[in-house]
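Structural characterization, general
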Amino acid sequence: MTQVPALAPRSVEAGRWAISTVFLLNGAGIGLWAAHVPTVQARMGIDTGMLSLVLLTIAGGALMAMPLMGGLTGRWGTRRMVLLSGFAFALMTAVVMSVPNLPLLFVAAFLFGVSNGALDVAMNANASEVETARGRPTMSSFHGFFSLGGLFGASLGGVLVGQGLGHGEGALMVALATALVLALSAPRVLGFAAPGAPPTCRDRLLMLPRGAALGLGLLALLCFAVEGALVDWSALLLEERTGASPASAALGYSAFSIAMAACRFAGDRIILRVGALRVMVIGGLVMFAGLALAVLSTDFVLSSCGFALVGLGAANVVPLLFGAAARIPGMHPGAGVAAVATLGYGGLLLAPPVLGWVAVHSSVMVALGALSLSGIVIALSAGVLKR
């Protein structure tokens, strides 16, 4: 386990709320972008295929940044990298929604992805150090703030677009507010030295999945694959299986998101009471049961409840995996998180098109039904947390 210096409880608690704020701001930026995607598409006059390439560029930038950030956090510390990547993310949040032409959109999309991937690794590594300093489960609440930020950002983005501020004006105001809040939180973001990290870990800039991180990363890949699939395919499944209207079908993913956010805020207490291993096993089984219910039911309410169950089950799996990755012996927290995050976000990127191919040759029901087995694999592999 990574050793952290002893700090005054008040400082640790201040650091906890500071990094929680960073999680909230990151989630809000992602939610804001999601709300602006249709506006950006309309302004650029691009079709769905070109938009997919833009989204792929964002994901590619994030995946390229994550392994590099693992080495940088080990070399320069998580606090410095949280602040550098946080301000870069605030800047690119405004730029990606304001650029005037398609070539610049691709450049901005790539840099937006890079800043988001870098911030994701840095803030999770810092959060794991805060969790270790507190001596009790905390990671789930951090991810709860990210989920809450996503819901807030998407709602705020909808309001801005509705008020005619969806061409970058509103995003610029939000970005300035984000940078201000980040600057106010900066003095309380804790910095931890890593005296126990071996020189080979510190000197290696590109941190790829290996050893224990590989097993944790593959489980993260499965969990992120479920989340990515629900983003793209849950509404279509509800339309096909239950006959719901497009507007109603969108509520399926909302049920998943709200249930996940709520369970993450309760996750730390649950983990403290029943243990990480049981939470992982139960979470995997609930994911399987929820997705199976959503797929098999032809009733809109039951299917939506199924998606909510998936959110409850998946809520604390990724925080547990990231926390375990940050405590891999012989690896700096940033290196472990980077390795697991790279594989995890690879699942988020690859799952929707792969499932789309399966759906074309069978049905959305078959594709998501096969994916439900991911929950069984996660439950059976929960012992990886003990390694």
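Cut-offs used in this document
Residues numbered from 1 in each chain as written. Predicted model: local features only at pLDDT ≥ 70, side-chain atom pairs only at ≥ 80, totals over all residues. Heavy atoms only, no water. Salt bridge = Lys/Arg side-chain N within 4 Å of Asp/Glu carboxyl O. Helix = DSSP H or I, 4+ residues; strand = E, 2+ residues; numbered from the N terminus. Core = buried A, V, L, I, M, F, W, Y, C linked by side-chain atoms within 4.5 Å. Buried < 20%, exposed > 50% of the residue type's maximum accessible area, 1.4 Å probe, protein only. Contact = heavy atoms within 4.5 Å. Polar contact = N/O pair within 3.5 Å; in protein donor to acceptor, adjacent residues only side chain to side chain. Expected span 1.5 Å × (residues − 1). pLDDT = per-residue confidence, 0-100. Bend = angle between axes of the 7 residues up to and from the residue. Axes fitted to C-alpha atoms, helices over the stretch in contact; angles between N-to-C directions. Parallel < 35°, antiparallel > 145°, perpendicular 65-115°, else oblique. Phe/Tyr/Trp six-rings, centres within 6.5 Å; stacked < 30°, edge-to-face > 60°. Patch = residues over 30% accessible without salt bridge, like charges linked within 9 Å, V, L, I, M, F, W, Y side chains within 5 Å. Areas by Shrake-Rupley, 256 points an atom, 1.4 Å probe, with all protein chains shown as cover. Disulfide = S-S within 2.5 Å.

What follows deals with the pattern of salt bridges. In the structure shown here, the tally under the stated rule is 3 salt bridges. One salt bridge connects Arg16 with Glu13, and the closest N-O pair in it is separated by 3.6 Å. Of the two residues, Arg16 and Glu13 are both situated in helix H1 (residues 9-44); the distance of 3 residues between them amounts to about one turn of the helix. Two residues, Arg327 and Glu131, come together in a salt bridge whose shortest N-O distance is 3.1 Å. Taken together, the positions of Arg327 in the loop between helix H13 (317-325) and helix H14 (333-361) and Glu131 in helix H4 (residues 102-134) put the pair 196 residues apart, joining distant regions of the chain. Through salt bridges with shared partners, a single network forms among Glu13, Arg16 and Arg134.

Counting 105 residues, the largest nonpolar core has Leu216, Met280 and Leu368 as its most contacted members. Leave out the neighbours within four places in its chain, and Met280 touches Leu219, Val317, Leu320, Leu321, Ile378, Ala379, Ala382 and Leu385.

In this section: the environment of Asp299. Following the sequence through the fold, Asp299 ends up in the loop between helix H11 (276-296) and helix H12 (300-314). In this structure Asp299 comes out as partly exposed when scored by relative accessible area, which is 37%. Sequence separation between Asp299 and Thr21 is 278 residues, and the spatial gap between their C-alpha atoms is 39 Å. Within the structure, the side chain of Asp299 is placed 3.1 Å from the backbone nitrogen of Val301, a separation counted as a polar contact.

Further remarks concern helix H3 (residues 78-96). Compared with an ideal rise of 1.5 Å per residue, which puts 19 residues at 27 Å, H3 spans 26 Å between its outermost C-alpha atoms and is within 8% of the ideal. Of the residues making up H3, those classed as buried are Thr78, Met81, Val82, Leu83, Ser85, Gly86, Phe89, Ala90, Met92, Thr93, Ala94 and Val96.

Take the environment of Ile376 next. Locating Ile376 in the fold gives a position in helix H16 (residues 373-380). Using a relative accessible area of 27% as the deciding quantity, one classes Ile376 as partly exposed. With 134 residues separating them in the primary sequence, Ile376 and Thr242 have C-alpha atoms 26 Å apart. Setting aside chain neighbours within four positions, we find Ile376 in contact with Gly284, Leu285 and Phe288.

Moving on: the confidence of the model for the protein. Looking at the protein as a whole, the pLDDT averages 84, with 91% of positions reaching at least 70. Taken as a whole, residues 195-203 scores under 50 in pLDDT and shows 14 contacts with residues more than four places along the chain or in a different chain.

Given 3.6 residues per helical turn, the α-helix brings residues three or four places apart onto the same face. Relative to the 42 Å expected for 29 residues at 1.5 Å per residue, helix H2 (residues 48-76) spans 41 Å between its end C-alpha atoms, a close match to the ideal helical length. Along H2, the largest kink reaches about 30° and is centred on Leu68. Two to three positions downstream of the cap, the backbone nitrogen of Met50 sits 2.8 Å from a side-chain oxygen, assigning the N-cap of H2 to Asp47. Remark: Gly77 follows H2 within two positions and exhibits a positive phi of approximately 95°.

Our next topic: the packing of H2 against H3. It is the contact of H2 with H3, at a shortest axis distance of 7 Å, that shows an interaxial angle of 125°. Our classification of the angle between H2 and H3 gives oblique. Residue-level contacts link Met69, Leu72, Thr73 and Trp76 of H2 to Thr78, Arg80 and Met81 of H3.

Quick look at the side chain of Thr39 now. With respect to the helices and strands, the residue Thr39 is situated in helix H1. Excluding its chain neighbours within four sequence positions, the residues that come into contact with Thr39 are Val161, Gly166 and His167.

Attention now moves to the packing of aromatic side chains. Each aromatic ring pair is characterised by the separation of its centres together with the angle its planes make. Under the definition given, this model contains 7 aromatic pairs. When the ring of Trp33 is compared with that of Phe112, the centres are 6.0 Å apart and the planes differ by 55°; the resulting orientation is tilted. Taken together, the residues Trp33 in helix H1 and Phe112 in helix H4 connect sequence positions 79 residues apart. On the numbers, 4.7 Å between centres and 35° between planes, the contact of Phe224 with Tyr345 is tilted. Residue Phe224 is located in helix H8 (residues 212-242), and its partner Tyr345 is located in helix H14; the two are separated by 121 residues in the primary sequence.

Here we come to a nonpolar patch on the surface. A surface patch of nonpolar side chains, amounting to about 360 Å² of accessible area, comprises Met64, Val107, Phe110 and Leu111. Looking at the nonpolar patch element by element, the count peaks at 3 residues for H4.

Another point: the side chain of Thr138. Mapped onto the elements, Thr138 comes out in the loop between H4 and helix H5 (139-162). In contact with Thr138, other than residues within four places in its own chain, are Arg16, Glu131 and Asp268.

Take the state of the cysteines next. Counted according to the given criterion, the structure contains 0 disulfides. The thiol sulfur of Cys223 is not disulfide-bonded, and the nearest other cysteine sulfur, from Cys263, lies at 12 Å. The exposure class assigned to Cys223 is buried, which follows from its relative accessible area of 3%.

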